[in-house]
Amino acid sequence: MKPLIIAMALVLAAPLPANAQTHPRTPRDLRQLAQQNGIRIGSAVDLTALREEADYRKVLNREFSHVTGENAMKWESVEPERGTYTWEDADALVANARRHDQKVRGHTLVWHNQLPAWLTTGVEQGTIDDAQLRDILRDHITTEVRRYRGKIRAWDVVNEIVDDDGAMRQSIWLTHLGPGYVADAFRWAHRADPHAKLYLNDYNLEWNSAKIETTYNLIKDLKAQGVPIHGIGFQGHLGIQYDYPADWANVMRRFADLGLEVAVTELDVRMVLPVTPEKLATQADYYRRALTDCLSVSACREFTVWGFTDRHSWVPGWFDGEGAACLLDENLAPKPAYQALLAVRRS
Ligand code: G3I
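Residues numbered from 1 in each chain as written. Predicted model: local features only at pLDDT ≥ 70, side-chain atom pairs only at ≥ 80, totals over all residues. Heavy atoms only, no water.

Trainee: I keep staring at the pairing of strand β5 (residues 197-202) and nothing clicks. Help me out?
Mentor: For a regular strand, side chains alternate in direction, first toward one face of the sheet and then toward the other. β5 sits mainly inside the fold: five of its six residues count as buried. The pairing of strand β4 (residues 154-159) with β5 spans five bridges and is parallel. Bridge pairing links W155 to L198 in β5. Summarising the sheet, β5 and strand β6 (residues 231-234) pair through four bridges and their orientation is parallel. By the bridge assignment for β6, D202 is matched with F234. For the crossover that starts at β5, traverses helix α12 (residues 209-224) and ends in the parallel β6, the hand is right-handed. (Buried < 20%, exposed > 50% of the residue type's maximum accessible area, 1.4 Å probe, protein only. Helix = DSSP H or I, 4+ residues; strand = E, 2+ residues; numbered from the N terminus. Pairing = 2+ DSSP bridges. Right-handed = clockwise from strand over helix to strand, strands pointing away.)

Trainee: Is there a simple way to think about the state of the cysteines in this case?
Mentor: Disulfide: a covalent bond connecting the sulfur atoms of a pair of cysteines. On inspection of all chains with the given rule, the structure shows one disulfide. Across a sulfur-sulfur distance of 2.2 Å, C294 and C300 are joined as a disulfide pair. The disulfide joining C294 to C300 has a torsion of about -100 degrees about its S-S bond and is therefore left-handed. Take C294 and C300: they sit in the same class, and that class is buried. (Disulfide = S-S within 2.5 Å.)

Trainee: Explanation requested: unusual backbone geometry in the structure shown.
Mentor: Excluding glycine, residues mostly carry a negative phi; peptide bonds, for their part, are mostly trans. A cis amide bond, omega -5 degrees, links H107 with the succeeding residue T108. By secondary structure assignment, the location of T108 is in strand β3 (residues 103-110). Going from L273 to P274, the amide bond is cis rather than trans, its omega being 5 degrees. Positionally, P274 belongs in the loop between β8 (261-272) and α14 (277-295). Look at E160: it is not a glycine, yet its phi comes out positive at around 60 degrees. Tracing the sequence through the fold places E160 in the loop between β4 and α10 (172-177). According to the relative accessible area criterion, E160 is buried, its value standing at 9%.

Trainee: Looking at this structure, how should I read the packing of α12 against helix α13 (residues 248-256)?
Mentor: Packed helices, taken two at a time, are described by their axes: the angle between them and the distance between them. Following both chains from N to C, one finds α12 and α13 inclined at 15 degrees, their axes separated by 11 Å at the closest point. Taken as axis vectors, α12 and α13 run roughly parallel relative to one another. The way α12 lies across α13 gives a crossing that is right-handed. Across from I212, E213, T215, Y216 and I219 in α12, the residues of α13 making contact are V251, R254 and F255. (Axes fitted to C-alpha atoms, helices over the stretch in contact; angles between N-to-C directions. Parallel < 35°, antiparallel > 145°, perpendicular 65-115°, else oblique. Left-handed = near helix turned anticlockwise from the far one by under 90°. Contact = heavy atoms within 4.5 Å.)

Trainee: So what exactly am I meant to see when it comes to α12 here?
Mentor: One full turn of an α-helix is made of 3.6 residues, so residues set three or four places apart face in the same direction. The first and last C-alpha atoms of α12 sit 22 Å apart over 16 residues, in line with the 22 Å expected at 1.5 Å per residue. Residues of α12 that are buried: K211, I212, T215, Y216, L218, I219 and L222. For α12, the angular spread of the buried residues around the axis is 170 degrees, confining them to a single face. Relative to its buried face, α12 has exposed residues pointing more than 90 degrees away, namely S209 and A224. Tucked inside the fold, the buried residues of α12 contact α11 (181-192), β5, β6 and α13. Capping the start of α12, N208 holds a side-chain oxygen 3.0 Å from the backbone nitrogen of A210, two or three residues further along. In the stretch just after α12, G226 is the one whose phi turns positive, near 80 degrees. (Expected span 1.5 Å × (residues − 1). Arc of directions from axis to C-beta. Polar contact = N/O pair within 3.5 Å; in protein donor to acceptor, adjacent residues only side chain to side chain.)

Scope: geometric values only; no functional claims are made or implied.
Structure below.
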């Protein structure tokens, strides 16, 4: 054998250096990071921005392999007048996702917010009675889930149904239909799309033990009754002025042990303005820890941020003096948090 061929054979036969096996090459973007780690990384999508801003569209479709409509699939968006459906935004989200190999989270079927006025007024004024309300909810779930049958990986069937004190949240659903509305909602959704993963989604589940216990027991009961519930969504609206929820991975594991899939569904990390390099570094650490926690739980399949750019974020409109909660700034320049995510690996 010629010396060159012998040398090549030796190189090919040699084992890879240890770090080449445990540390795959640095990903070029979040999509590749997700792929290397066997999950999907997603973002909430602002449909006006998707339509009107080419740079927003480009970054969304390059970086993310999962999407959630920030508002597009909520009840007030899809049925603003009774019986008049406006699917344009939801359809556009799903069509864009199909073109860019993005899975879709449907958000959300049963919530106490962003209900159409015809519904809340009808209930208040008694023109919609309890039996009618149940039919309306069943029809809403059936119509929306059926429309996107086979195109939605996971639905947030019920959203924020437990209050911070651990009681079931007061809402028109609990008041007029009783607690059984939760099981009904999952059953109706399952009938309309038997393959979609059906989730309970909530905030503060990362750390609030009253909320965690009630939710845990509720899901255990539902599963014991054979209700088709498949996943738990941790919204993850964090702020650097509060401690990072250090027990989050254990909480995820507890729910996973009930046989559930886990997802981080709405992560953002806000700060009191103005932005400083120190605050950005802390924010980066929170994002890094959140992804590390998700990757440490094998049932955690999706890691979704609630908007990817500070140009379009719900935070400044809701928390006075706070903002800068996203991975990219208003000009779509990556912040330290983005770079921190790229360095995370499944341990
Ligand atoms: O659509 C109207 C528009 O017609 C009107 O001109 C404009 C004037 O304010 O308001 C528009 O509605 C706004 C809507 O977003 C759509 O942009 C509402 O005012 C605004 O309150 C609403 O906020 C959304 C919020 O949910 C409502 O509860 C945020 O964008 C959205 O990010 C936020 O998302 C929620 C999740 O669904 C559930 N978890 C918490 C998360 C953050 O609050």
